[in-house]
Amino acid sequence: MVAFFTQYSRPAKILLGITGLLLAILLVLFFGVRHILVDSFTEVESRDMCKNVERATSIIADELDKLSTICTDYSGWDDAYQFVRDRNSDFIASNLTIEIYPKLRLNALVYLNSRADVVYGRGFDRASGKYEPLPAGLEEHLKPGAKLVSLTTPDQHVSGIVTLPEGPFLVAARPVLTSKYAGPVRGVLVLGRLLDKEEVMRLSETIHIPLEIHTADDATLPPDFAAVRGELAQGAPVVLRRADSKMIAGYAAIPDIYGKPALLLRVDAPRSIYQEGKKAVTYFLTWFAVVGVCFAFIINLFWRRLLESLQQGRRSEERNRLVVERTNQAILLLEPGAGTIIDANPATCVLLGFSRNELTGADIHALLSGPVQEVDSELERCLRETRELSLCHRDGAELVVEAMATQVPHGDDQALCLMFHDITDRRRFQEELLHQATHDTLTGLPNRSLLEDRLNQAVAGARRRGQMVALLMFDLDNFKVVNDTLGHTAGDQLLRSVAARIRSFVRNCDTFARLGGDEFVIVLTNLTRMDDAVTVAESFRNLLAMPFFLGGREIFITASMGISLFPDDGDTMEALIKKADTAMYHIKESGRNSFQFFAEEMNQKVNARLTIETGLRRALEKGEMLLHYQPRLEPGTGAVVGMEALVRWNSPDMGLISPADFIPIAEDSGLIVEIGDWVLATACCQALEWHRMGHDSLRVSVNISARQFVGHDFVDRVVRIIEQSGLSPHFVELELTETALTHNVDETVKIMNRLRERGITISIDDFGTGYSSLNYLKRFPVDVLKIDKSFIDDMVKRREDAAIVATIIGIAHHMHMKVVAEGVETAEQMKLLMEGNCEEIQGFYFSRPLPPEEFERYIAGRTVPLLPAAPRE
Ligand SMILES: Nc1nc2c(ncn2[C@@H]2O[C@@H]3COP(=O)(O)O[C@H]4[C@@H](O)[C@H](n5cnc6c(=O)[nH]c(N)nc65)O[C@@H]4COP(=O)(O)O[C@H]3[C@H]2O)c(=O)[nH]1
């Protein structure tokens, strides 16, 4: 048995137990209810049977009453009254005929007089329909003093049963009276009726109940009667006996007129109530059993389902638990409303550095940064959307997490399930990316894109408040020089220092950005007057005026600043920057180290510049460019040894334009490369032509812009152009400015060497105006130094300038370079230069730059040494 049960799982055992219990209840109910119901039907059956027995006894009583009534009719009658006295035969003949016996179903009729003498007495056999003697046994009851005949008063009467040897008799006795039932009593009338089988059958048919009657003292009583006789004799009114399941018998005893049991009667009846009841009970219980079994089956089914769903629930709970325990997602369960942590999964512990025990029961507000109300509303929002929250690690570090929440059942309430994962690194990376995208890497200042954003915000705010916004744009004067002379690293350091110095003075509400190169922009907000912008601009200029220290060297810089204003100069970054840039450009043109508000005239200048740039692009194609040549002479001999090619632009719209006006624009736009190539090619061709004309020692010098020089294919281009012209490179001199050379010294030296290897002469133009570093001079493979005109101008009046010129000549000679003085305008200048052993001279004193044909005339008519008046250009 134990083994039988142990093979099943616990839920299956419960199921078996419940099924067994149900079946037991069903069985108990079945038999219990059956018993109770059958008993109650038996009881009903008994009651019904008792009623039948009563009806049987009643029918005998009724018969006795009827007999008594007949007796009354025949005893309370004047004729009978007379008859018992005189025994007249008429009475007998007319009233006591034989017909009355069967009619009244009488077996005996006896008139007795007051002395109990039988006046008239006859017996009658109803079977044969004939008179017979009175039953012998009856005479005993008719003797004087017998109960039947002892009726002395009119109201006395007797009816009942007497048992005679002939059988039980129903008897009725009444005193004989007048028709008015008046006395004195003259006798007694006794009527008797044999209760034979026919009579019993008649009674039985009357009451529709099978009836059997025996005398109580009958020696041949049937056994069932004999069995109940004793019980009835002891006073039991009715005794019931069930012979089998089909029939029931009820027994009763009927006393005789003396009160002794005289008759035993039996009423038989089919046990229909019992049978029907039993059938009904069986039917009911069968249904009950069927319903019970169905119910048990359904319960079983539901229980199985319940078990399955419980098991599924447990499995799913286990699965969920494992997921929660093993997921990388941090999960916190919070008490509703209070924010107390109910539970935390291992991922949370790893993320926050707290143990599960430490977290359980802790307040979430201690982990989330921010005021309680804000934290609560953030948690509330997490139910609707993914939010970013700041959590505190155990070590105090701030963690940024991406969180969302849902409500889960917790007891009768709903707990808040907060799920989150660490995005600190991602957020940091995004912030870095955003910072990189919006900030300048060198200085860390906002870049153009962030500047635009801030400027738009500033403009929107100023528009609302009715204020002004100032955009201050500045660049560093001569930054290029610093970059070129001290190197890019120093240049970068200078930019960083400038940024740091200005940034420390810029208000938080303002924006300080770097556009690129040495260009910076400051956006000033909350301005109500232009003067505020002036004050700020001046303070920045003062800030920049203080020295910077680069690599142990003290550097002084200045800046040129252009200022544009919202709303006067525009409301977009493009417009405001363009106008600030225009103003800055204007400042640069007019002396630098200052600031200037944008004015419309500046725009006109810019437009003019644009017109030049546009025209320049077509000038070469249209043949508007031409070259003038300025002769270079040897002071000692007065011979023209060469000429400087100087470009001219004869614009059909603007007339003859000076190179001082369009060369810077050509440099800025990059057109100088194309123009430079044309100049070199044209100059070489021209020189070759003059060589062919006989002036075969003339050297031609050509100006080279820094922009041309830094081109990666500069040498190849120059060499190719010279070769294509057919002129020997030995007659070509390239004039480079100091600033062009100091860009990248090593590279410059290489280029110079390559040019010189080809026989090309290199000269430094405008020497003395740049940094004039002797260190560079020592490294550069230069053939000629051209002393700038500014020194020549003042050398006659200022001894310092004369000394500088003499020094330059001395150094140049010392370094095996020739010296050319340009801008010589007077004989004094020429004289001093001759004395200083300057190799070549160029200037208006001899000739202005001349168109080719004039130059030809000039060299053709040249006599040496002369001090000619300067010819007009
Ligand atoms: N007051 C005065 N001026 C004198 C005297 N002697 C010569 N000049 C002027 O001084 C300039 C000399 O040229 P630069 O220093 O190379 O200065 C040149 C040069 O830097 C540039 N330039 C001219 N042509 C070219 C060219 O083909 N290519 C490049 N890259 N630059 C050129 O334009 C500058 C100006 O050229 P220009 O207007 O032709 O002006 C010329 C010339 O006319 C004098 O005694 N007194």
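See above for the structure.
No experiment lies behind these values; they were computed from the predicted model shown.

Help me understand the packing of helix H21 (residues 671-692) against helix H23 (residues 714-725), please; the structure alone is not making it clear to me.
For any two helices packed against each other, one specifies the crossing angle of their axes together with the interaxial distance. Between H21 and H23, the shortest axis-to-axis distance is 9 Å and the interhelical angle comes to 35 degrees. The handedness of the crossing between H21 and H23 is right-handed. Packed against H21, whose contacting residues are Val673, Asp677, Leu680, Ala681, Cys684, Cys685 and Leu688, the element H23 presents Arg717, Val718, Ile721, Ile722 and Ser725 at the interface. Of the residues belonging to the contact of H21 with H23, the class tally is 9 nonpolar, 1 polar and 2 charged.

Mind showing me how you'd approach the environment of Leu616 here?
Within the secondary structure, Leu616 is located in helix H19 (residues 600-619). By relative accessible area, Leu616 is classed as buried at 2%. Sequence separation between Leu616 and Leu671 is 55 residues; the distance between their C-alpha atoms is 7.8 Å. Each residue touching Leu616, except ones within four places of it in the same chain, is listed here: Met625, Trp649, Phe662, Ile665, Ala666, Leu671 and Ile675.

Just checking my understanding: could you explain the site of the ligand for this structure?
Neighbouring the ligand are 19 residues; Arg648, Asn703, Asp765, Glu825 and Phe844 lie closest to it. Measuring from an oxygen atom of the ligand, one finds a side-chain N or O atom of Asn703 at 2.8 Å. With respect to the ligand, the backbone of Phe844 contributes an N or O atom lying 2.7 Å from an oxygen atom. Starting from 790 Å² of accessible surface for the ligand in isolation, the protein chains cover 80%. Counting residues per element, the ones that place at least two in the shell around the ligand are strand S24 (640-651) and strand S28 (761-767). For the shell around the ligand, the element with the highest residue contribution is S24, accounting for 4 residues. Classifying every residue of the shell around the ligand by side-chain character gives 7 nonpolar, 5 polar and 7 charged.

How do you make sense of the pairing of strand S15 (residues 413-422) when you look at a structure like this?
Looking along a regular strand, one sees side chains alternate from face to face of the sheet. As paired strands, strand S11 (residues 330-334) and S15 are joined by 5 bridges and run antiparallel to one another. Bridging from a neighbouring strand, Leu333 pairs with Cys417 of S15. Two elements, strand S14 (residues 398-410) and S15, share 10 bridges in a ladder whose sense is antiparallel. Bridged to Ala403 within S15 is Phe420.

In this structure, what is going on with the packing of helix H14 (residues 448-465) against helix H18 (residues 573-589)? I would like to understand it.
At their nearest, the axes of H14 and H18 sit 10 Å apart, and the two run at 110 degrees to each other. Taken together, the axes of H14 and H18 lie roughly perpendicular to each other. Touching Arg448, Leu451, Glu452 and Leu455 of H14 are Met573, Leu576 and Ile577, all from H18.

Conventions adopted
Residues numbered from 1 in each chain as written. Predicted model: local features only at pLDDT ≥ 70, side-chain atom pairs only at ≥ 80, totals over all residues. Heavy atoms only, no water. Axes fitted to C-alpha atoms, helices over the stretch in contact; angles between N-to-C directions. Helix = DSSP H or I, 4+ residues; strand = E, 2+ residues; numbered from the N terminus. Left-handed = near helix turned anticlockwise from the far one by under 90°. Contact = heavy atoms within 4.5 Å. Nonpolar A, V, L, I, M, F, W, Y, C, P; charged D, E, K, R; others polar. Buried < 20%, exposed > 50% of the residue type's maximum accessible area, 1.4 Å probe, protein only. Near = heavy atom within 4 Å. Polar contact = N/O pair within 3.5 Å; in protein donor to acceptor, adjacent residues only side chain to side chain. Areas by Shrake-Rupley, 256 points an atom, 1.4 Å probe, with all protein chains shown as cover. Pairing = 2+ DSSP bridges. Parallel < 35°, antiparallel > 145°, perpendicular 65-115°, else oblique.

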